[in-house]
2 protein chains.
Amino acid sequence: MNTNTYVYSFGAGESAGDASMKALLGGKGANLAEMAKLGLPVPPGFTLSTEVCTEFYNNNRAYPAELAAEVDAALAALESKTGKKFGDPANPLLVSVRSGSRASMPGMMDTVLNLGLNDDTVEGLATLSGDPRFAYDCYRRFIQMYSDVVLELEHGVFEEILGAHKDANEYKSDTELTAEDWKIVVDGYKRAAARELGRPFPSDPKEQLWGAIGAVFASWMNDRAVFYRKHNNIPESWGTAVNVQAMVFGNMGETSATGVAFTRDPSTGEKKFYGEFLINAQGEDVVAGIRTPRALTKAARLEMREQGLSLEEAMPDVFAELVAVYQKLEGHYRDMQDLEFTVERGKLYMLQTRNGKRTAKAALKIAVDMAGEGLITQDEAVLRVDASALDQLLHPTIEEGAVRDLICKGLPASPGAAVGIVVFDSEEAERLAADNVAVILVREETSPEDIHGMHAARAIVTARGGMTSHAAVVARGMGRPCVSGAGDIRIDMKAGEFRALGRAIKLGDTITVDGSSGEVLAGAAKMTEPELSGDFGALMEWADGARRMKVRANAETPADAATAVKFGAEGIGLCRTEHMFFDAERIAAVREMILADKEPTRIAALDKLFPHQRRDFAAIFKVMGARPVTIRLLDPPLHEFLPHTEEDCADVAKATGLDAKALLARSKELAESNPMLGFRGCRLAIVYPEIYDMQARAVFEAACDVAETGDAPIPEIMIPFVIAKKELDLLRARVDAVASEVFARRGRRIEYLVGTMIELPRAALKAGEIAEAADFFSFGTNDLTQTTMGLSRDDAGKFLGAYVERGVLERDPFVSVDAGGVGELVALACERGRKARPALKLGICGEHGGDPESIAFFEQAGLDYISCSPFRVPIARLAAAQAALSPRK
Amino acid sequence: MNTNTYVYSFGAGESAGDASMKALLGGKGANLAEMAKLGLPVPPGFTLSTEVCTEFYNNNRAYPAELAAEVDAALAALESKTGKKFGDPANPLLVSVRSGSRASMPGMMDTVLNLGLNDDTVEGLATLSGDPRFAYDCYRRFIQMYSDVVLELEHGVFEEILGAHKDANEYKSDTELTAEDWKIVVDGYKRAAARELGRPFPSDPKEQLWGAIGAVFASWMNDRAVFYRKHNNIPESWGTAVNVQAMVFGNMGETSATGVAFTRDPSTGEKKFYGEFLINAQGEDVVAGIRTPRALTKAARLEMREQGLSLEEAMPDVFAELVAVYQKLEGHYRDMQDLEFTVERGKLYMLQTRNGKRTAKAALKIAVDMAGEGLITQDEAVLRVDASALDQLLHPTIEEGAVRDLICKGLPASPGAAVGIVVFDSEEAERLAADNVAVILVREETSPEDIHGMHAARAIVTARGGMTSHAAVVARGMGRPCVSGAGDIRIDMKAGEFRALGRAIKLGDTITVDGSSGEVLAGAAKMTEPELSGDFGALMEWADGARRMKVRANAETPADAATAVKFGAEGIGLCRTEHMFFDAERIAAVREMILADKEPTRIAALDKLFPHQRRDFAAIFKVMGARPVTIRLLDPPLHEFLPHTEEDCADVAKATGLDAKALLARSKELAESNPMLGFRGCRLAIVYPEIYDMQARAVFEAACDVAETGDAPIPEIMIPFVIAKKELDLLRARVDAVASEVFARRGRRIEYLVGTMIELPRAALKAGEIAEAADFFSFGTNDLTQTTMGLSRDDAGKFLGAYVERGVLERDPFVSVDAGGVGELVALACERGRKARPALKLGICGEHGGDPESIAFFEQAGLDYISCSPFRVPIARLAAAQAALSPRK
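Notes on the structure in this doc start here. Please read all numbers here as calculations on a predicted model, not as lab measurements. (Residues numbered from 1 in each chain as written. Chains lettered and ligands numbered in written order. Predicted model: local features only at pLDDT ≥ 70, side-chain atom pairs only at ≥ 80, totals over all residues. Heavy atoms only, no water.)

### Quick word on the overall build of chain A
Here is step 1: Within chain A one finds 35 helices and 34 strands.
Here is step 2: Taken over 889 residues, chain A has a buried fraction of 57%.
Here is step 3: Sequence separation of 24 or more characterises 67% of the internal contacts of chain A that already satisfy a separation of 6 or more.
Here is step 4: Total accessible area on chain A is roughly 34,800 Å²; 50% of this is exposed by carbon and sulfur atoms. (Helix = DSSP H or I, 4+ residues; strand = E, 2+ residues; numbered from the N terminus. Buried < 20%, exposed > 50% of the residue type's maximum accessible area, 1.4 Å probe, protein only. Contact = heavy atoms within 4.5 Å. Areas by Shrake-Rupley, 256 points an atom, 1.4 Å probe, with all protein chains shown as cover.)

Below you can see the structure in the form of structure tokens.
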């Protein structure tokens, strides 16, 4: 029915557009058209499409030539539908002019109501409504709004005029003003506007209309809107539409009203009609919060012990119609709706519908309920829940409304909340935790030596470090709440306290850490334990049915492994072995090994480590049963295991009997300018093959041990930091030799794989050759991101913020994988690897394995599994399902 | 004529093979076949091809089934050609069995001579030669050689037997032994061999032959050969051939002789027949050096004041024939030949010809001469000279035969030699050099602050650091000889000396540095200044005519720029701007700028730097005239400009008036875990755009200044460390704005380009997008290698040696570009860049720009230019020509 290019009419049961045309008509315009099509009572109107906006900006803020004629035609149609005429003093048509973009940008752009009023039409409105006070109230609202939005006049002037008039008459509230009062105020407004403008306030409704349309388009580029788009990744090129709609009035007396409603409870997801309304008010009044709105339903009124009648009681017919509308809309849109309505003298009008925002808890319940009701499929239910938001459901949180005595804020580095007493030292954390004391570890920053202290603590706070600092990464891995980079904290170890924003917190004081918000609070805040409802189980089951990729966890202790299994992990994708080296019993032998200048001495030191590693692996294998366990052989540069300062070397020497001078000398010798690109990973084993020999022996002996009484473990031995096939050839041959030797001696064969990490660009490029020697690839996307982008994760904090802010990078590439750059290497390595070895198993074990956006990319790349920290396994399961259900790009 | 598969006969004017079949017959076999074909007097024989070797190793050391029959047939043909019979006591055929692979591997594999002798045939040989002593001497040589090579017996036993016999007879020299004596010795040898073997020494010639063939093939895999191949990049798969050839005897009395000859002088290249010979000797004797060989020509004899007659005088007919042969061979092979010949009783036999090895100087002269003679084309002449070897011609060297009093050895980090007095401090080096004192800077290692001291010094020695350490890279850039990583050196600043290998060298002592060999010598060694002959000029001119790629230099001072122009640079490919910041006058302002916490303070500090930068650029533009100058805007992380320790900060504070605490705090704040991947390059300018603004203004103002009185400069502004187009968009816009502003004010337009370095994998991957904003790409292959391979140049020394040794990497990827990995990214970036912008200018400015092997790769990748340090420009010009002349891979 639409022959226009730029303008789409709606209303009176028919529309040129529909809900599928959000890109062209914006969300509001498309849904108004859809509702009108459904026969719902929508005030008629028309939408200027987003293309007008795009052309407006492409053509130096000029409208397309056809626009004026199309608007005239649409206006004429609107007049005929309403039976009113624009600017007609006898029966004036009034309209609202509102923005409406493809994505919701609440409050960012401009709106003008009651447009079409002037000294003549206001009289017509007074006559028609029989309420001159209402008419002049509308008129003064219009002048005020138009002056602000379109004419950009100082609104202080208008407030002064109104204030002066109220003072002169000793009125306290606007409601005391009579029609005559408003007339006087309106005169004052017009004079003030003329003075500021240097010409009279525009009285021609057409001029008013074009002014408002221009202002709405211009507001697309106002600072607020630009900022909001940047932070919400909304492309500028989308543009906004403009909706021109016949006014209806909720402020025409006691039989008029305006309100908002949700078809289900947006905070709990409960299936009950939920909302608020105000009698004798315009929509803006509900939002403004000047009057307290009332509940829609009687049940809600009773529950909340409100005095005023509910809509259900006050206007039962309107309520019944509204219920029918909501049921129709929810059924039609197959999702919970957020509605806006107005009642004008007992007649219901629908002004907006859209999918309602909701809490994670509500999203889960609504999705599962709707699938149960047969409204949506189980797959659709899986797609309805934001995977990232599951975090909120999996961790203890601070009770809503609990008192929050803020000490300082840092980064929300690992979600969940915890209460405990402050300690500054990992040993002390461990000691106290052994006596069941809840402790919070507060540190300048953490290092691998703090692992045990972090495990012992209920939460971790660091003064330095970003979202991907050591503390943040390890805490997420362990599922401990963590606030990192709380820059205001100054720790004074001598005084046994930390200070932040002028306040001192002593060792032993109780604090609360909210890792989801980044807040550190004084005292013990009230906590809510997470409740995993049956809905959660149902949704995860549907997700597991829908996903293609397996989900594993990164775990290196039996406890982590058990958590992983509890959350549904199907294996371990990354068992780092270096943290095992830091245990107090072992670190001495590790250092002996590093100090050894001859192979036999080195082997003797490794022999001391062997029984420990064997026990480590056996314990993990026992937990994991017949699930695969990917064990990464030693990766970090050796200097990470040595003390660095003269003082520390002396301490270590005293404690271990090692030579302080030798320690310092070796530490200096091994020091590196860029340890990230240094002597680490398989490079260590090319030079000192005996290290991996020991680790491989420990893996196979442990596997044989466990297989004697239970499931045979499935070890997948992973060689890190490979750049050439030859490295893998050499090291794989040694692993295989160790395996043969152990199996022969134990009289038992264990199935195992040997593979590699693809974490350097060269490895990705050479994936075809490397695959010839590898049973599997596991993408180490952290290191691959560091090297591909030349970004040191530890250092990038200095500029990454500016990079995202200025739009150089869309987001932090350590959080969501850089699909265009790093991702190309991942895809290329998959392709080359699979070409060389079709059965090649492909996985990913970087931090990205728990990020839904990255998971969508990995699904496209065709990986077999993703691996993430145990607490993110449910998120990964859901995200993997959503990725599998989404159309391929 | 050859119907065989594995065996190729030659001799008597016809051959189954020829010189083109080196891959199949090895160098020696192919050239023997070719000489026989040419009708030259070659003792007949046959060659077992390299395919036998390959199949031998592929089939578990078994020969192809057809081989025995083919050898029998070839042997029969050999018997008929020589008229002798294998094992015939009356007229025995004796043969040599020698290895011969595609590439020359001198002395690496085994040889057996005089094969076919036993107790019967030795008598025949005695009768035929009329010289029993000769016959038994041959026999004992054979037994000794065969026992060693084939039977792998202890050769000490034989030496003992001979020694005992000589002692018993009081002989001092082997020449005193008679035929009877040798007979006794031979008996002793055979008994000893039988005792060791547990069976008699093999007397069947066929058995001997197969034993020798097997030993030669086996020697392909001996440790020496394997090691040699690895170090010379010879693939194992090539295999060796085996040459079986009728023996001729240079030791049959005074009319017999053996010798080697070169068709031109291999050390000077002079066109004169050159060589040595021995009367009455076997070839091995010339090589062994027991007797002193004589000159071939009378002229040489006179020149060297030798007593014995030259071959020309002693055997004029043979000499004349040899001259004819050499002329024929040089004409045929169109290159200088290295010949082996034997004269048996007045008859000349040719045993080998091959292209002769030569010094760089000789290579140059021979190539230019031969082109002049019309023997080869100018293009061929260009291809004949090893580009890397030009280094020898461009730098002063220590005189051949000069006394070398070695203090210690390090790495040959930058070629050439220099004499000077030892200083340990850059300031002192500068001070003394200002008084024209020749100084050698000896440091633990160097840092950017030493640049001026390095410039002042004649040579640099460092105790630490590899071939690509700061010292090495900067020294090569400046053309200063440098020995890096001289690990034996211990500098004792307090004592004012360094110690190495037990010896103390004091401050002010004179030493000589040989950067080509890595040697540090005590005292002033005698030096030879480089002489650039007209030949050099001619060759470079031909090279310039043949090459496609332009050659630029990396230079950042007017002096370097002048050197670059002198050596033929066509522009500057990399003018770093950071070194300019270290000048004493400027560093204070640089530090002020870094300490500034607000933009205006930062701009004020930058304003102080501006006039210096403007002068810097103007001076360079003046030297370069209308040649393009690529200026890289500030690249290193800011902490490189700050002092790091508390002590240093205090010093700087005292000297500059800056606040010591603030310095230390800022230094700590800016410190990075991995500065290579840190806050550097264009990242600095995204956060602090005013830095690049100042630099761009200095460039354009300087260009306008210079253009007023001379050629208009062609600045090419290069933005480093880009990973996304948006960086370039933002920064390019600012550069363009500065340019417009300057040009408008100065009333002058300067043509300029804005481009970027491709030095991170993401930049290479995103080259298509980036090219939209870039006029040129310059590949920073140093950083690209670091990130693609995950190798920190400063740290990789710890394992890179082991990596090359174990064959993980073919060579140091910082010396020759890793074509398979890093190279793929270069090629891909070229392709994507050119697709997006066909006119995109492509260059390379990493260290690889001066490496011939890398240059060949860049030619294939289609770069427009290469840029290298000024002293390597001639090498790059020649290598670029060779690359252009070589067939595309």
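### So, the packing of helix α27 (residues 689–707) of chain B against helix α28 (residues 725–746) of chain B
Residue and element names in this part refer to chain B.
Here is step 1: Axis separation between α27 and α28 bottoms out at 9 Å; the angle between their running directions is 35°. Like other packed secondary-structure pairs, α27 and α28 cross with a definite hand, here right-handed. Along its contact with α27, which presents Pro689, Tyr692, Asp693, Ala696, Arg697, Phe700, Glu701, Cys704 and Asp705, the element α28 presents Leu731, Arg734, Val735, Val738, Ala739, Glu741, Val742, Phe743, Arg745 and Arg746.
Here is step 2: Its residues assigned to classes, the contact of α27 with α28 shows eleven nonpolar, no polar and eight charged. (Axes fitted to C-alpha atoms, helices over the stretch in contact; angles between N-to-C directions. Left-handed = near helix turned anticlockwise from the far one by under 90°. Nonpolar A, V, L, I, M, F, W, Y, C, P; charged D, E, K, R; others polar.)

### Things to note about the sheet that holds strand β8 (residues 274–279) of chain B
Residue and element names in this part refer to chain B.
Here is step 1: Taken in spatial order, the five strands line up as β9-β8-β7-β10-β11 in an open sheet, and their pairing is antiparallel. Strands at the two margins of the open sheet, each flanked by one partner only, are β9 (294–295) and β11 (347–355).
Here is step 2: Sheet analysis places strand β7 (residues 257–262) next to strand β10 (residues 337–344), joined by six bridges and oriented antiparallel. Paired with phenylalanine 262 across the strands is aspartate 338, a residue of β10. (Pairing = 2+ DSSP bridges.)

### Quick word on the interface of chain B and chain A
Here is step 1: With 49 residues of chain B at the interface, the matching set in chain A holds 49 residues.
Here is step 2: Around 4,200 Å² of area is buried between chain B and chain A when both sides are counted, 59% of it from carbon and sulfur atoms.
Here is step 3: The largest contributions to the chain B side of the interface with chain A come from Leu677(B), Lys798(B) and Tyr803(B), which together make up 14% of the buried area.
Here is step 4: Linking Asp818(A) and Arg762(B) is a salt bridge whose minimum nitrogen-to-oxygen distance equals 2.6 Å.
Here is step 5: There are 26 residue pairs in polar contact (both at pLDDT 80 or more) connecting chain B and chain A.
Here is step 6: Where the side of chain B that touches chain A is concerned, the elements lending two or more residues are α25 (660–670), α26 (682–687), α28, α29 (761–765), α31 (781–789), α32 (797–805) and α33 (822–836) of chain B.
Here is step 7: Class assignment for the residues of the side of chain B that touches chain A results in 24 nonpolar, eleven polar and 14 charged. (Buried area = accessible area lost by both parts, 1.4 Å probe. Salt bridge = Lys/Arg side-chain N within 4 Å of Asp/Glu carboxyl O. Polar contact = N/O pair within 3.5 Å; in protein donor to acceptor, adjacent residues only side chain to side chain.)

### Considering the pairing of strand β3 (residues 45–48) of chain A
Consecutive side chains along a regular strand alternate between the two faces of the sheet.
Residues and elements named next belong to chain A.
Here is step 1: What you see with β3 is no split at all: Gly45 and Thr47 on one side and Phe46 and Leu48 on the other are buried throughout.
Here is step 2: In the sheet, strand β1 (residues 7–11) pairs with β3 via four bridges, with the strands oriented antiparallel. Pairing of phenylalanine 10 across the sheet is with glycine 45, part of β3.
Here is step 3: Both β3 and strand β8 (residues 240–246) contribute to a ladder of four bridges, which runs antiparallel. Residue pairing in the sheet places threonine 47 in a bridge with asparagine 243 of β8.

### What to know about the relation of the copies chain B and chain A
Here is step 1: Expressed as a screw transformation, the operator carrying chain B onto chain A has a rotation angle of 180° and an axial translation of 0.1 Å, and the superposed copies differ by an RMSD of 0.3 Å. What the rotation and shift describe, once combined, is the action of a two-fold rotation axis. Across chain B, the rotation axis passes nearest the C-alpha of Asn674(B), at a separation of 2.1 Å.
Here is step 2: An overlap of 100% is found between the interface residues of chain B and their copies at the interface of chain A, pointing to a shared contact surface. (Least-squares fit on C-alpha atoms with pLDDT ≥ 70 in both.)

### Brief notes about the sheet that holds strand β21 (residues 503–506) of chain B
Residue and element names in this part refer to chain B.
Here is step 1: Taken together, the three strands give an open sheet; going across it, the order is β19-β20-β21, and neighbouring strands pair in antiparallel fashion. Both edges of this open sheet fall to β19 (490–492) and β21, since each of them pairs with a single strand only. Neighbour to neighbour, the strand axes of the sheet diverge by 25° on average, direction disregarded.
Here is step 2: With three bridges joining them, β19 and strand β20 (residues 497–500) adopt antiparallel strand pairing. Looking at β20, one finds that isoleucine 491 is bridged to phenylalanine 498.

### Focus: the environment of Val442(B)
Residue and element names in this part refer to chain B.
Here is step 1: Relative to the helices and strands, valine 442 is located in strand β16 (residues 439–443).
Here is step 2: For the pair valine 442 and proline 600, spaced 158 residues apart in the sequence, the C-alpha separation amounts to 42 Å.
Here is step 3: If we ignore the near neighbours within four places in the chain, the residues touching valine 442 are Val422, Val423, Phe424, Val461, Ile491, Phe498 and Ile511.

### Quick look at helix α20 (residues 534–546) of chain B
Turn by turn, an α-helix covers 3.6 residues, leaving residues three or four places apart pointing in a common direction.
Here is step 1: Compared with an ideal rise of 1.5 Å per residue, which puts 13 residues at 18 Å, α20(B) spans 19 Å between its outermost C-alpha atoms and is within 8% of the ideal.
Here is step 2: For α20(B), the elements touching its buried residues are α14 (360–373), α15 (378–384), α16 (391–394) and α35 (873–885) of chain B. (Expected span 1.5 Å × (residues − 1).)

### Observations regarding helix α5 (residues 132–149) of chain B
All names here are of chain B.
Here is step 1: Taking 1.5 Å of rise per residue, the 18 residues of α5 would be expected to cover 26 Å, and the 25 Å separating its terminal C-alpha atoms lies within 8% of that figure.
Here is step 2: The complete set of buried residues in α5 reads Phe134, Ala135, Tyr136, Asp137, Cys138, Tyr139, Arg140, Phe142, Ile143, Tyr146, Ser147 and Val149.
Here is step 3: Those residues of α5 that are buried lie in contact with β5 (111–115), α4 (121–129), α6 (156–169), α7 (179–197) and α8 (205–219).

### Some details on the nonpolar core
For soluble globular proteins, the rule of thumb is that nonpolar side chains tend to be buried together.
Here is step 1: By size, the foremost hydrophobic cluster in this structure holds 298 residues, and its most contacted members are Phe700(A), Ile719(A), Phe700(B) and Ile719(B).
Here is step 2: Leave out the neighbours within four places in its chain, and Ile719(B) touches Leu633(B), Cys682(B), Tyr692(B), Leu728(B), Leu731(B), Val735(B), Val754(B), Gly755(B), Thr756(B) and Met757(B). (Core = buried A, V, L, I, M, F, W, Y, C linked by side-chain atoms within 4.5 Å.)

### Re the pairing of strand β23 (residues 503–506) of chain A
All names here are of chain A.
Here is step 1: Pairing analysis gives four bridges linking strand β22 (residues 497–500) to β23, with the strands arranged antiparallel. For alanine 500, the partnering residue across the bridge sits in β23 and is arginine 503.
Here is step 2: Between β22 and β23, which pair antiparallel one after the other, the connecting turn spans two residues, and leucine 501 there sits at a positive phi close to 50°.

### Points about unusual backbone geometry
Residue and element names in this part refer to chain A.
Here is step 1: At glutamate 152, a position not held by glycine, the phi torsion is positive, near 55°.
Here is step 2: Note that glutamate 152 resides in the loop between α5 (132–149) and α6 (156–169).
Here is step 3: Even without a glycine there, the phi angle at glutamate 170 is positive, about 55°.
Here is step 4: Here glutamate 170 is to be found in the loop between α6 and α7 (179–197).
Here is step 5: Its relative accessible area of 69% is what places glutamate 170 among the exposed residues.

### Structural notes on the environment of Glu599(A)
Here is step 1: Looking at where Glu599(A) falls in the secondary structure, it is placed in helix α23 (residues 599–624).
Here is step 2: Glu599(A) sits in the partly exposed class, given a relative accessible area of 45%.

### Some thoughts on the environment of Leu658(B)
All names here are of chain B.
Here is step 1: Summarising the element assignment, leucine 658 is placed in the loop between α24 (646–656) and α25.
Here is step 2: Its relative accessible area of 16% is what places leucine 658 among the buried residues.
Here is step 3: Ignoring any residue separated from it by four or fewer positions in sequence, one finds leucine 658 in contact with Ala588, Arg591, Glu592, Leu595, Ala653 and Leu663.

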